[in-house]
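What follows is each chain in one-letter form.
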Amino acid sequence: MSAAVDEYMSQLEHSRKDEIEELRRVILEASPELVEHIKWNAPSYQIDGDDRITMRLKPGDRVELVLHRGAAKRTDAFEFVDPFGLVDWKTNDRGVVAFAAGDVSAMAADVRTLVVAWVGATR
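Residues numbered from 1 in each chain as written. Predicted model: local features only at pLDDT ≥ 70, side-chain atom pairs only at ≥ 80, totals over all residues. Heavy atoms only, no water.

*Asks:* I would appreciate a short explanation of the overall build of the protein in the present structure.
*Replies:* Across its full length, the protein holds three helices and six strands. Against the globule reference of 14 Å for 123 residues, the protein gives a C-alpha radius of gyration of 14 Å, in line with a compact fold. The C-alpha extent of the protein, read off along each of the three principal axes, is 40 × 30 × 25 Å. A total of 123 residues make up the protein; the buried ones form 47% of that total. Excluding contacts between residues fewer than 6 apart, the proportion of contacts in the protein whose partners are at least 24 apart in sequence is 54%. Total accessible area computed for the protein in this model is approximately 6300 Å², and 50% of it derives from carbon and sulfur atoms. The centroid of the 16 positive side-chain charges in the protein is displaced by 5 Å from the centroid of its 22 negative side-chain charges. (Helix = DSSP H or I, 4+ residues; strand = E, 2+ residues; numbered from the N terminus. Rg over C-alpha atoms; globule rule 2.2 N^0.38 Å. Buried < 20%, exposed > 50% of the residue type's maximum accessible area, 1.4 Å probe, protein only. Contact = heavy atoms within 4.5 Å. Areas by Shrake-Rupley, 256 points an atom, 1.4 Å probe, with all protein chains shown as cover. Lys, Arg positive; Asp, Glu negative; His and termini not counted. Charge placed at Lys NZ, Arg CZ, Asp CG, Glu CD.)

As C-alpha cells, then:
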C-alpha cells in the first residue's frame with residue numbers, strides 16, 4: 001500500500017470507507033506489481049506508469065472500479081472476457097464494476113480473479 005494513499009484515506013470522509021479499504025487490499029493482494037497512487041481523487045493502480053484500475057468514489061455513497069488501459073483512447077484491437085459478468089463495458093477496453101453496499105466482501109474472491117485477469121490482459 002502507498003503512504004500517499006494511506007494519507008488520503010486517513011482524511012477521506014466517505015460512507016463506505018471500510019469497503020474502500022477492503023477493495024484496496026483485494027486489488028493489491030491480487031496483483032502486487034500494481035503501483036497505488038491517487039487519480040480522480042481516489043485510489044488508482046498502474047503498471048509502468050499506465051493506469052489499469054481506478055476507483056470512482058463520488059458521490060459519497062459510490063464505490064466503483066473503472067478498468068481501463070490508461071488515459072488515452074486506444075484504437076488497437078483488444079478484447080477481454082469478464083469471467084463473472086461484473087463489468088459494465090463502456091468501450092471494449094473501459095468498463096465499470098459497481099458495488100452496492102455490502103457487495104465488496106461478498107464479491108472479494110471474484111474481484112481478485114477479475115483483477116488478475118485484467119492485469120494479465122492489459123500488459
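*Asks:* Any chance you could explain the packing of helix H2 (residues 17–30) against helix H3 (residues 103–121) here in plain terms?
*Replies:* Two quantities define a packed helix pair, namely the angle between the helix axes and the distance between the axes. Where H2 meets H3, the axes come as close as 9 Å, and the angle between the chain directions of the two elements is 25 degrees. Considered as vectors, H2 and H3 are oriented roughly parallel to each other. Considering the relative orientation of H2 and H3, their crossing is right-handed. Here Glu19, Glu22, Leu23, Val26, Ile27, Glu29 and Ala30 of H2 lie close against H3, whose contacting residues are Asp103, Val104, Ser105, Ala108, Val111, Arg112, Val115 and Val116. Considered class by class, the residues forming the contact of H2 with H3 number nine nonpolar, one polar and five charged. (Axes fitted to C-alpha atoms, helices over the stretch in contact; angles between N-to-C directions. Parallel < 35°, antiparallel > 145°, perpendicular 65-115°, else oblique. Left-handed = near helix turned anticlockwise from the far one by under 90°. Nonpolar A, V, L, I, M, F, W, Y, C, P; charged D, E, K, R; others polar.)

*Asks:* For this particular structure, what's the right way to read the pairing of strand S4 (residues 64–67)?
*Replies:* Successive side chains on a regular strand alternate, one facing one side of the sheet and the next facing the other. Residues Glu64 and Val66 line one face of S4 and the alternating positions Leu65 and Leu67 line the opposite face, and both faces are buried. Bridge count between strand S3 (residues 50–56) and S4: four bridges; the pairing is antiparallel. If you follow Arg56 over to S4, its bridge partner there is Glu64. The pairing of S4 with strand S6 (residues 94–98) spans four bridges and is classified as antiparallel. Residue pairing across strands places Glu64 opposite Ala98, the latter belonging to S6. (Pairing = 2+ DSSP bridges.)

*Asks:* Help me understand H3, please; the structure alone is not making it clear to me.
*Replies:* Spacing of three or four residues puts side chains on the same side of an α-helix, whose turn is 3.6 residues. Ala109 marks where H3 bends most, by close to 55 degrees. Of all the positions in H3, only Val104, Met107, Ala108, Val111, Leu114, Val115, Trp118 and Val119 are classed as buried. At its buried positions, H3 is contacted by H2, strand S2 (42–47), S3, S4, strand S5 (88–91) and S6. (Bend = angle between axes of the 7 residues up to and from the residue.)

*Asks:* Any chance you could explain the sheet that holds S3 here in plain terms?
*Replies:* Backbone-to-backbone hydrogen bonds pair the strands of a sheet. The strands run either parallel or antiparallel. The strand order across the open sheet built from six strands is S1-S2-S3-S4-S6-S5, with neighbouring strands paired in antiparallel fashion. Edge positions in the sheet fall to strand S1 (35–39) and S5, since each has one partner strand and no second. Taking the axes of each pair of neighbouring strands and ignoring which way they run, one obtains an average angle of 25 degrees across the sheet. In this fold H2 packs onto S1, S2, S3 and S4, with an angle of close to 155 degrees to the strand it touches most, S3.

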